[in-house]
Amino acid sequence: MPKKKGKHAEMGREMQAQCKRAKMEAACSPSAMSFENPDSLFESLISPIKQETFFREYWEQKPLLVQRNDPFLAAYYQSLFQLSDLKEMCSQGLYYGRDINICRCVNGKKKVLNKEGKVNYMQLKKDFDQKKATVQFHQPQRFKEELWKIQEKLECYFGSLVGSNVYITPQGSQGLPPHYDDVEVFILQLEGEKHWRLYKPTVHLAREYNVEPEDRIGNPTHEFILKPGDLLYFPRGTIHQADTPLGISYSTHVTISTYQNNSWGDFLLDAIPGLVFETAKDDVVLRTSIPRQLLMQVDIADSTKKLSSLLRRLADRLENTRELRSSDMKKDFIMNRLPPFLGCDSDHLTPG
């Protein structure tokens, strides 16, 4: 006998109706981003700058500020995340540390104001209003379809993992001290205004996050206000700090980041062990023993020459191969990248 259709079936029909309404609304409202393919998405993200210009003049070299003054684009950016979204999200079970950090810059240092366990919206609002604390929301694409779509396409475009954080800062306040990151950064201003200051890097294309004291960074190389619809890019290692000016009730922006641990140095560390292993199968020279007491650092002069010779043999082998083998980097990318966003319609879920 067929099972009776109860509450679950009713909920299913309601969800399908919601999805249909969402699809109709999406069809009626054109997106400011082009999701046709990864190339068109990135082109629309940095518009009016062309991709060729961006990679020739800015990528890993210097900051790019795009001030658009476009109400349509500003409205689209606002749909990516808003302060008003927090109340409903808190009801879904957010946790301090995992999902949200509460912080403020005090005397040039980051002060974390996190509580324990689940995030309570009223407590969050109190910290925001009374303590002038910044709300840092981790990986918001989990809750926002448009952000998911953007990040998934960017991962296809860069061939690298793409992350995001939302920062909501009340007026007259600053969340983080001057610091630099180990990622390429794209800032999208969603709500309000943010006052930014950028400084000359002390470590170009840095491999780690670090806070820099005010007395070491000198004067800003760039200083400006970001408004809704504006975009800012800067390379890893760029020292920066940002605050919400007085008179602006609050600022919301999303930081989209990529290319963490994705340098030639990282690739060499990943690829060389496999290259050595495969070459040693065919080259008896790599299978001969190292000198006695080499690990004790006794008389290493001849050994450094020998090692240089072996590295040249590996380089010759590499020049004649057609495959650049990566193990951990490729595995990390494949396992952790975002799948395409399919919405509520699971009928299109096919192997690909």
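Conventions and cut-offs
Residues numbered from 1 in each chain as written. Predicted model: local features only at pLDDT ≥ 70, side-chain atom pairs only at ≥ 80, totals over all residues. Heavy atoms only, no water. Helix = DSSP H or I, 4+ residues; strand = E, 2+ residues; numbered from the N terminus. Buried < 20%, exposed > 50% of the residue type's maximum accessible area, 1.4 Å probe, protein only. Arc of directions from axis to C-beta. Polar contact = N/O pair within 3.5 Å; in protein donor to acceptor, adjacent residues only side chain to side chain. Axes fitted to C-alpha atoms, helices over the stretch in contact; angles between N-to-C directions. Parallel < 35°, antiparallel > 145°, perpendicular 65-115°, else oblique. Contact = heavy atoms within 4.5 Å. Nonpolar A, V, L, I, M, F, W, Y, C, P; charged D, E, K, R; others polar. Left-handed = near helix turned anticlockwise from the far one by under 90°. Pairing = 2+ DSSP bridges.

Chemist: Help me get a handle on the environment of A75, residues and values and all.
Modeler: Topologically, A75 is positioned in helix α4 (residues 71–78). The spacing of A75 and P228 is 153 residues in sequence and 7.8 Å in space, taken between C-alpha atoms.

Chemist: Lay out α4 with the relevant residues and their values.
Modeler: Regarding α4, the residues found buried are L73, A74, Y76 and Y77. Summarising the axial view, the buried residues of α4 lie within an arc of 160°, below the 170-degree limit, and thus occupy one face. The N-terminus of α4 is capped by D70, whose side-chain oxygen sits 3.0 Å from the backbone nitrogen of F72.

Chemist: Any details on the packing of helix α9 (residues 264–282) against helix α11 (residues 328–336)? Residues and values, ideally.
Modeler: Contact pair α9 / α11: the axes reach a minimum separation of 8 Å and the direction vectors enclose 105°. Looking at the two axes, α9 sits roughly perpendicular to α11. Residues D266, F267 and D270 of α9 pack against D328, M329 and K330 of α11. Each residue belonging to the contact of α9 with α11 can be placed in one class, and the counts come to two nonpolar, no polar and four charged.

Chemist: Run through the packing of helix α2 (residues 38–46) against helix α7 (residues 145–158), naming residues and quoting values.
Modeler: Contact geometry for α2 and α7: axes closest at 8 Å, N-to-C directions at 110°. By the angle class used here, α2 and α7 are roughly perpendicular. α7 is crossed by α2, and the crossing has left-handed handedness. On α7, the residues touching P38, D39, L41, F42 and L45 of α2 are I150, K153, L154, C156, Y157 and F158. Partitioning the contact of α2 with α7 into residue classes produces nine nonpolar, no polar and two charged.

Chemist: I'd like a rundown of the sheet that holds strand β4 (residues 134–138), residues and numbers included.
Modeler: Two modes of strand pairing occur in sheets, parallel and antiparallel, and in both the strands are linked by backbone hydrogen bonds. Read across the open sheet, the eight strands follow the order β1-β11-β7-β13-β5-β4-β2-β3; overall the sheet is antiparallel. Either end of the sheet is taken by a strand with one partner, and the two such strands are β1 (64–66) and β3 (109–112). The average undirected angle you get between the axes of adjacent strands in this sheet is 25°. In this structure, β1 lies alongside strand β11 (residues 231–234), joined through three bridges in antiparallel fashion. Note that in β11 the partner of L64 across the bridge is Y233. The strands that α7 touches are β5 (162–170), β7 (184–191) and β13 (250–258); relative to β5, the one it contacts most, it runs at about 135°.

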